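Reading the structure
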Amino acid sequence: MRKLFLLPAVLLTLAACGGPGDFTPDDNAGMQLATKVSIFESQDNQKKWLLTAESVDFADLQSATLKNPELLLKEDGKDSARVSGDTGSFDYTKKLVTIDGNARITSFTEDVVIATDRIFYDVDKNRIWSDNKTTVTRGAAKITARGGVETDSKLTKIELKKQSTRLPKTTRELQRKK
């Protein structure tokens, strides 16, 4: 009688554990999600750069996926430029930040705005670049670089690739917009 009772219990346990095995690492993706995250690097008690995001998915051990990222670049402890976009990633091993979707760099020191679909920032080389159509605006002058741009984090020297320039048509356009 005891064996007859154990047999259905064992069969029910095996049936409950069996099945197609739908478990995947994505089922635990919510466990690696963090909100309002800041990642930064500092030197001599001053931050060199600060990466913040509304939410970050740490599911991949090589990189983090960012929602609404904002990268603040610093010079002598002060904010020098802001890079923002819709999504992004931070590759830990390469120390590479990628910002996608309405990517925009706004310089606080050089009065320059750079807009494109995707911007990269190499932490070790302190270099920013894009590899697709990019618009650089300074005052009323607007330049489109069809092949992208490359610059340092200060945005003082901007290399344009395959560019076209729209110059102001009147002297009024030459005046700075405030």
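What comes next concerns the included structure. The model shown is predicted, which means the values in this text are computed figures rather than measured ones.

Here we come to unusual backbone geometry. In most cases, non-glycine residues show a negative phi, while peptide bonds are predominantly trans. In this structure, D44 takes a positive phi of about 55 degrees despite not being glycine. Checked against the element boundaries, D44 lands in the loop between β1 (33-43) and β2 (46-57).

One pass over the full model with this rule turns up 1 cavity of 30 Å³ or more. In this model, the largest cavity occupies a volume close to 30 Å³. If you list the elements that add at least two residues to the lining of the largest cavity, you get β7 (96-107) and β8 (113-122). Looking at side-chain class alone, the lining of the largest cavity contains 8 nonpolar, 1 polar and no charged residues.

This part is about the packing of aromatic side chains. The tally for this structure, following the rule as stated, stands at 3 aromatic pairs. Aromatic side chains W49 and F90 sit 5.8 Å apart centroid to centroid with 50 degrees between the ring planes, which places their arrangement in the tilted category. Separated by 41 residues along the polypeptide, W49 in strand β2 and F90 in strand β6 (residues 87-91) bring together distant segments of the chain. With 5.2 Å between their ring centres and 20 degrees between their planes, F120 and W129 make a pair best called stacked. Judged on exposure class, the residue F120 and its partner W129 are both buried. R127 extends its terminal NZ or CZ atom over the ring of W129, reaching a point 3.8 Å from the ring centre.

Thresholds applied
- Residues numbered from 1 in each chain as written.
- Predicted model: local features only at pLDDT ≥ 70, side-chain atom pairs only at ≥ 80, totals over all residues.
- Heavy atoms only, no water.
- Helix = DSSP H or I, 4+ residues; strand = E, 2+ residues; numbered from the N terminus.
- 1 Å grid on protein atoms, 1.4 Å probe; cavity = no way out; pocket = protein on both sides within 12 Å on 5 of 7 lines; lining within 4 Å.
- Points joined across faces, edges and corners; volume = space filled by probe spheres on them.
- Nonpolar A, V, L, I, M, F, W, Y, C, P; charged D, E, K, R; others polar.
- Phe/Tyr/Trp six-rings, centres within 6.5 Å; stacked < 30°, edge-to-face > 60°.
- Buried < 20%, exposed > 50% of the residue type's maximum accessible area, 1.4 Å probe, protein only.
- Lys NZ or Arg CZ within 6 Å of the ring centre and 35° of its normal.

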